[in-house]
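Fold and geometry: a report
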Amino acid sequence: MKFTVSSSALFSRLQAISRVINSKNSLPILDCFLMELCDGTLFMTASDNETTLSTSVEVNESVEDGRFAVNSKTLLEALKEISEQPLSFAINPSNLEITVQYMNGKYSLMGQNADEYPVAQSLGSNAVEMSIDTAILLNGINRSLFATADDELHPVMNGIYFDITSEDLTFVASDGHKLVRCKNFSAHGEGRSAFILPKKPANMLKNLLPKEEGEVRIGFDDRNASFTTGNYHMVCRLIEGRFPNYNSVIPQNNPHRATIDRAGFISALRRVSVFSSQASSLIKLSLSQNLMTISAQDIDFSTSAEEKIICQYDGNPMSIGFNSNFLIDILNNIVATNIIIELADPSRAGVIVPEEQTENEDQLMLLMPMMLND
């Protein structure tokens, strides 16, 4: 079995799929890439037994189709230092010795039996399928991934909830403190369906999609989902269980509304939060006529800070406490010049929305308050 392939094309594809591979694997074969040569195309697969990511690259010349597995770390480290040039691979089928020849030298390494490599799960006959624009999927993942939880007791919170109807697609994530609901009206399914995408495959898509164009084909059943782009195909295990009713926790009547410049607000929060208690990161927002006072104090170290910023607000004076890290996280994940904070009272969640929604989008973030000391 022989083939010749561009070094940079091979390296970039292998590097992209290698992120699936765990640093420690239960099966030694999962330390490897699976390589399959078929009709002038080299198919490459990486897996951790729950998420499988595959891609392909055209080869220049090939003799005899076949398949083998090769240690991912060894191959990537070897290819990393090679400039763009043709690489000639020769695989001895009897002992799986791999010889890689390049301009000024050659590598020799041992392959492994490809038959040991686990096969990716296939979707059941009841699978739901839909296509979605790459940019919409990437945007939904980018906006919501930061709000997912790391909760062993409630695994359904550890991923992004895709809530699909015939009118829209809603991305939801929550860790119990903050919640993101990003609704898109230009993507929709044929009926009502939903799934929870785990954090790891969501991160994989976040890395792969910026270089992809066109549409992503999504298929899913009760246990697995597949995502197919122009260059990659991913199959992953879904989180099983029922996602909480997220709409029920969003307060509907919020009489106190403040409109604030987002960038200025973030800067002020960063400055003032330096002086908050390290244990709680509590900051206090006090609203009065067209003015917000941001304050923090750490009683243990006798430090405090206060800063006033202009905002549009004409309600009754009120104060509310938030975790500054969570609030900055939320503001960093809203794309808008100005944001609106909607509040009911100091004990109920604050709703944060962009002043102007992006076309075909309805984005909302929610943050639970913290008890103020005074």
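To start, this report covers the structure provided alongside it. Just so it is clear, the structure is predicted and the values come from calculations on it, not from any experiment.

**What about helix H1 (residues 7-18)?**
Under the 1.5 Å per step criterion, the end-to-end length of H1 is 16 Å for 12 residues, consistent within 8% with the ideal 16 Å. Among the residues of H1, Ser7, Leu10, Phe11, Arg13, Leu14, Ala16, Ile17 and Ser18 are the ones counted as buried.

**Quick notes on helix H5 (residues 262-273)**
Taking 1.5 Å of rise per residue, 12 residues should cover 16 Å, and H5 covers 16 Å from first to last C-alpha, within 8% of that figure. For H5, the secondary structure elements touched by its buried residues are strand S18 (256-261), strand S19 (282-288), strand S20 (291-298), strand S21 (303-310), helix H6 (324-332) and strand S23 (338-343). The N-cap of H5, judged by a side-chain oxygen 2.7 Å from the amide nitrogen of Gly264 a few residues on, is Asp261.

**Quick look at the sheet that holds S18**
On the basis of which strands lie adjacent, the open sheet formed by 8 strands has the order S14-S11-S12-S13-S25-S24-S23-S18 and antiparallel pairing. Each having just a single partner strand, strand S14 (193-198) and S18 make up the two edges of the open sheet. Averaged over all adjacent pairs, the angle separating strand axes in this sheet is 20°, with direction ignored. Direction of pairing for strand S12 (residues 169-174) relative to strand S13 (residues 178-184): antiparallel, over a ladder of 6 bridges. Looking at S13, one finds that Val172 is bridged to Arg181. Sitting on the sheet, H6 is in contact with S13, S23, strand S24 (350-354) and strand S25 (361-367), with an inclination near 175° to S25.

**Brief notes about the pairing of strand S9 (residues 105-110)**
Look at any regular strand and the pattern is simple: side chains alternate between the two faces of the sheet. As defined by bridge partners, strand S8 (residues 97-102) adjoins S9 across 6 bridges and the pair is classed as antiparallel. Note that in S9 the partner of Gln101 across the bridge is Lys106. In sequence, S8 turns back onto S9 through a hairpin of 2 residues.

Reading guide: rules and limits
Residues numbered from 1 in each chain as written. Predicted model: local features only at pLDDT ≥ 70, side-chain atom pairs only at ≥ 80, totals over all residues. Heavy atoms only, no water. Helix = DSSP H or I, 4+ residues; strand = E, 2+ residues; numbered from the N terminus. Expected span 1.5 Å × (residues − 1). Buried < 20%, exposed > 50% of the residue type's maximum accessible area, 1.4 Å probe, protein only. Contact = heavy atoms within 4.5 Å. Polar contact = N/O pair within 3.5 Å; in protein donor to acceptor, adjacent residues only side chain to side chain. Pairing = 2+ DSSP bridges. Axes fitted to C-alpha atoms, helices over the stretch in contact; angles between N-to-C directions.

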